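In case you want the letters, here they are:
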Amino acid sequence: MNLKRLLIIPLLLLILPAFAQEKVVIGSVTDSANNKPLGGVTVTATGTNVATATLNNGTFKLNVPANATTLTISSIGYGTQQASIGNGTVNVSLAGTAGSLNEVVVIGYGTTKKKDLTGSVATVNEKDFQKGTITTPEQLIAGKVAGVQVISNGGAPGAGSIIRIRGGASLNASNDPLIVIDGIPLSGNGISGVANQLAMINPNDIETFTILKDAASTAIYGSRASNGVILITTKKGRKGATRINFVTNFSIGTIAKKLDVLTGDEMRSYVNNNPDATAEDKALLGTASTDWQNEIFQTAITSDNTISVTGAAANIPYRVSLGYLTQQGILKTGKLQRGSLSIGLTPMLFDNHLRVDINVKGTYTQSDFANQGAIGSAISFDPTQSVYNSKGGYFEWIQSNGTFNPNAPANPVGLLNQYHNTGKTSRSIGNIQLDYKLHFLPDLHFNLNLGYDIAEGHGDFSTDDSARQSPASIAKDSTHAPYSGTKGQYKQTVNNVVGEFYLNYLKDINSINGNINAVAGYGYYDNKTTSYNFPSYFLDNDSLPGSTPINKTDIQQNTLISFYGRLIYTQSGKYIFAGSIRTDGSSRFAKGNRWGVFPSGAFTWRVNQESFLKNSKTVSDLKLRLSYGVTGQQDGLGNYSYIPFYFQSQNSSQYQLGNTFYYVYTPVAYAADIKWEQTEAYNIGIDVGFLKNRITASVDAYYRKTKDLLNTFNIPLGTNFSNRITDNVGNMTTKGVELQLNATPVMNKTFRWDFSYNIAYNKREITKLTANTDTSFVGNSTGPSVDFLGDQIQINSVGYAPYSFYAYKQIYGKNGSPIEGLYADLNRDGVINQKDLYHYKSPFAPVTMGFTNTVAYKNWSLNMVLRANIGNYMFNQVASNSGNVRAIIDPNHVIHNVPQSAFEASFQLPQVQSDYYLTNASFLKMDNIGLSYDAGKIFNNKANLIVGANCQNVFVITKYDGLDPEIYGGVDNNIYPRPRTYTLSVNLNF
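Only a predicted model underlies this, so the values are computations on that prediction, with no experimental measurement involved.

## Side note on unusual backbone geometry
- One non-glycine residue, Arg 166, adopts positive backbone phi at about 55°.
- Its place among the elements puts Arg 166 in the loop between strand E12 (161-165) and strand E13 (178-181).
- Taking the relative accessible area as the measure of exposure, Arg 166 reaches 4% and is therefore buried.
- Despite not being glycine, Asn 953 shows a phi value in the positive range, around 55°.
- With respect to the secondary-structure elements, Asn 953 resides in strand E55 (residues 943-958).

Quick look at the structure:
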């Protein structure tokens, strides 16, 4: 993929000079309450598209047409004001509204004013983003919106996040929200060669996030909207003088917490004083005192730089940005490098009747993936051994025959240094959107959006010839030396295209004091992913037995066709009625089930516009919202799950006829009648503002029911080609309440205090899981395996939350210690078996909170963000697997390390299904604290400088004794630790 060719035409436009008769206007904009300079204020030559934005010190310079007489000055959170150009110097003070109701909010296929919203919609602007070292975009809004959780997958470079809006509406299908960037919906699929597809987007290019939460807001996106929609708008160009912005962040990441395990001296003391230890056991001890966690973790350096240029060329507003990120992982050998280019052109043509938006984003990443198996190995490896053996190689546990001991962990440092996996990924997202307002009927707009999302990811991996983890150890023969290393490669391409066309009719009906906003459109979306399967090789280039033939490819393609419409009618500026309908046809389903219909309806009453409140000096906003809608779900399924097909066997399963070997094919279970999940949702909300909106609050209550739930369940033998199948069997309900509060308690000439608080309650319950009522059916075991036997600790059962824990009730002695292997006989049958397992708590917090606090004094600003979860539980698999003292002296001639907590329980054997390891993991986290200083003009008043210092992952308060209480899904199995990061930043505006 050659991004240079893709971007060459827009780049050429940027070098065209503009020659026009103009005059120069200079000036400044300040806050009327405290006389503080305001940055980012839009200054427009009235009646034209000539505009610029003020610098952080409030000043601006604008070349306006010679006949221009006034400027229009506006900003989010402030009023709009016009000022006479006069002699060419304009100084304006804006009155703050702390959340202007006239703020324009992006919704599906259009925009509206905040005061006219009919659904549950939240917007997070650039000034409210999380600060510090932000690698992927979704981390910008963590803790910012009620009912929206952003949970990092770990601390690896470029690691993504789990995003949940109101908990998610599905069970086995996807619970991810639909993400739309500048009108391009992302497919949600991963891309080979990079840890997270959103890591391919430079966060510094993003201007706003708009989160659509209720069905009235999301139903216009139909079959992909059951889990909410996130609209991302990137920064655009503005007319006016050329502006250059340079942002650089330099950060240091350190490990915030290590697992407390035995030291070398503690290990020697335990083994030497253990009466059950034999002389042979004691002889296994080494003389070193190695902290294996110290050996695999490092201080990680990150450098993130973005330069952008904004202005106009040939009367075409543009913005161009270049970014480069290099980020080390705190786990050694891990690294991410990312280069990004973003171009935005926004010309207005044909006497401002045609608006053109051209957006092109290109990214290239190189990811060096560290072997995360080293984390678990570092916890369990004997601390009395040195990293290297007497011959200079890595110390490993060797059997008497000279082979690696399969019951022993591998050397953690060897796992890192002898494993190599480098992925390289290029991606481009772009679109051209044309909005044409008819000359003879300016109320009618034609909107055409053509876009693409293409990517290619490839990489190679290998293990050294002496690597402990090399799979070649299973194929020792006369041809291959024992433990000879292996190598392989992978490749994937993504080719997604979007075509949308809609009509938008906006009309004021003065005779009845009403307004109509109508949309009708068509959408075409084709997503194609091609994966190339390559065989793995020994280092001597012989194919590894059982490898996939090189000529095999896997093409996953699906197409969605949509028709949609929406009507918003506003009466007297205070009664708003909205209705939408969308019908989607998906190739993921058979023809009889291919089409789904998704309607919505909403009503808003702007109570503050009634005569009894209209002139109130206390209540500045009061709005009641009611909504209902139906959305669908198709993601998370195989593309051909309704079609019978076969898969080819491995090489070792070929059938011989004569001298020829033939592959055999096995049928796969399928559900011919599989169809959409459908989610019905109700929402009631109230928005209120006081004291010119210095205090605003929104409260929402919702109820959601998903039917035809896509569930994987057991079926009778012989009825299909497997004993388990995924089909539409099941229902689930979700209900909750959300509060979002924003306030500016203090605002004067030198001091300002803003804070935002949100809290959400969410409860999900499965109400049906089988086609027929079966009182003996407990549920479907689910979640990750918690031991080598494949046992699971979670279950989906009717009457409980998804993924609830299912464990034995531990019995404790008089001293408060658990009694090994003794569990409660809950059904009183005298036998302890699986019938005594019981449902115990949920991994998902019913209550979540976020708190943002910003204090500004003169040129200083202090910002902090805290988050809390209340009521989530965690299964500590690290402790359950290795938290038993007998594991220290392994009869297989190995010494294992264990957590210090193993001596609290003193279990001799693993108790992987005991509720002893289920812990309340509620927490309070300070995500972020930062201090910045606006140094004002430098370089002979040619630039403005802001410097800042920031700390992320500051502290965690929790009862959970593992590394991190926030692990999505509730099973802690050696997560890559999230680092504590210290960042210095410089922001220069020229």
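## Section: the sheet that holds strand E44 (residues 804-807)
- Strand order in this open sheet of four strands is E42-E43-E44-E47, and the pairing throughout is antiparallel. The sheet terminates laterally at strand E42 (780-785) and strand E47 (838-840), the two strands that pair on one side only. Between one strand axis and the next, the sheet turns through 45° on average, direction left out of account.
- Judged from the two bridges that link them, strand E43 (residues 792-796) and E44 form a sheet pairing that is antiparallel. Bridging from a neighbouring strand, Gln 794 pairs with Phe 805 of E44.

## Topic: empty space enclosed by the protein
- Applying the stated rule across the entire model yields 11 cavities of 30 Å³ or more.
- Its boundaries defined by the atoms lining it, the largest cavity holds a volume of some 640 Å³.
- If you trace the largest cavity, you find 38 residues lining it, with Thr 133, Gln 139, Ser 152, Gln 952 and Arg 978 closest to the centre.
- Those elements that place two or more of their residues in the lining of the largest cavity are strand E11 (148-152), strand E17 (243-255), strand E18 (300-313), strand E19 (316-328), strand E54 (923-938), E55 and strand E57 (979-989).
- Of the residues belonging to the lining of the largest cavity, the class tally is 11 nonpolar, 20 polar and seven charged.
- Roughly 160 Å³ of internal volume is contained in the second largest cavity.
- Around the second largest cavity sit 16 residues that line it, and Leu 186, Ser 187, Arg 224, Asn 527 and Asp 635 are the ones nearest its centre.
- Elements that contribute at least two residues to the lining of the second largest cavity include exactly strand E25 (486-509), strand E26 (514-533) and strand E28 (552-571).
- In terms of residue count, the dominant contributor to the lining of the second largest cavity is E25 (three residues).

## Re the nonpolar core
- Core analysis: the largest hydrophobic core is formed by 57 residues, its most contacted members being Tyr 109, Ile 179, Phe 209, Ile 211, Tyr 221, Val 229 and Ile 230.
- When near neighbours in sequence (up to four residues on either side) are disregarded, Ile 179 contacts Ile 163, Ile 184, Pro 185, Leu 186, Leu 198, Ile 230 and Ile 232.

## Let's talk about the pairing of strand E9 (residues 110-113)
- Where strand E8 (residues 104-107) lies against E9, four bridges are found, and the strand directions are antiparallel. When the bridges of E9 are listed, Val 105 appears paired with Thr 112.
- Remark: two residues form the turn of the hairpin made by E8 and E9, two consecutive strands paired antiparallel; Tyr 109 in that turn has positive phi of roughly 60°.

## A short note on the pattern of salt bridges
- In total, this model carries 26 salt bridges according to the counting rule given.
- Across the pair Asp 687 and Arg 625 runs a salt bridge whose closest N-O atoms are separated by 3.0 Å. Of this pair, Asp 687 sits in strand E36 (residues 677-690) while Arg 625 sits in strand E31 (residues 619-633); the two residues are 62 residues apart in sequence, bridging distant segments of the chain. Considered together, Asp 687 and Arg 625 belong to a single accessibility category, that of buried residues.
- Three or more residues joined by partner-sharing salt bridges are found here, namely Arg 867, Lys 925, Asp 927, Asp 964, Glu 966 and Arg 978.

The rules behind these values
Counting starts from 1 at the beginning of each chain's written sequence and moves along it residue by residue. Local features in a predicted model are, by the rule used here, given only for residues with pLDDT of at least 70; side-chain atom pairs are given and counted only at 80 or more, and totals for whole chains, interfaces and linings are based on all residues. Excluding hydrogens and water, the side-chain values take into account all heavy atoms of the structure. Going along the chain from the N terminus, every DSSP run of H or I of four or more residues is numbered as a helix, and every run of E of two or more is numbered as a strand. Note on exposure labels: buried denotes an accessible area under 20% of the residue type's maximum, exposed denotes more than 50%, and partly exposed covers the range between, all computed with a 1.4 Å probe on protein chains only. For two strands to be treated as a pair, DSSP must find at least two bridges joining them. To get an axis, a line is fitted to the C-alpha atoms, and for a helix only the part in contact is used. The angle between two axes follows their N-to-C directions and goes from 0 to 180 degrees. Both site types are read off a 1 Å grid over the protein atoms alone. A 1.4 Å probe that fits but cannot get out defines a cavity, while an open set with protein on both sides within 12 Å along at least five of seven lines defines a pocket; lining residues have an atom within 4 Å of a point. Grid points are joined across faces, edges and corners, and a volume is the space filled by probe spheres set on the points. As a working rule, the residues Ala, Val, Leu, Ile, Met, Phe, Trp, Tyr, Cys and Pro are called nonpolar, Asp, Glu, Lys and Arg charged, and the rest polar, with Gly in that last group. In plain words, nonpolar cores are sets of buried Ala, Val, Leu, Ile, Met, Phe, Trp, Tyr and Cys residues tied together by side-chain atoms within 4.5 Å. Contacts: residue pairs with any heavy atoms within 4.5 Å of one another. Throughout this description, the term salt bridge denotes a Lys or Arg side-chain nitrogen within 4 Å of a carboxyl oxygen of Asp or Glu.

Read these as spatial facts, not as claims about activity.
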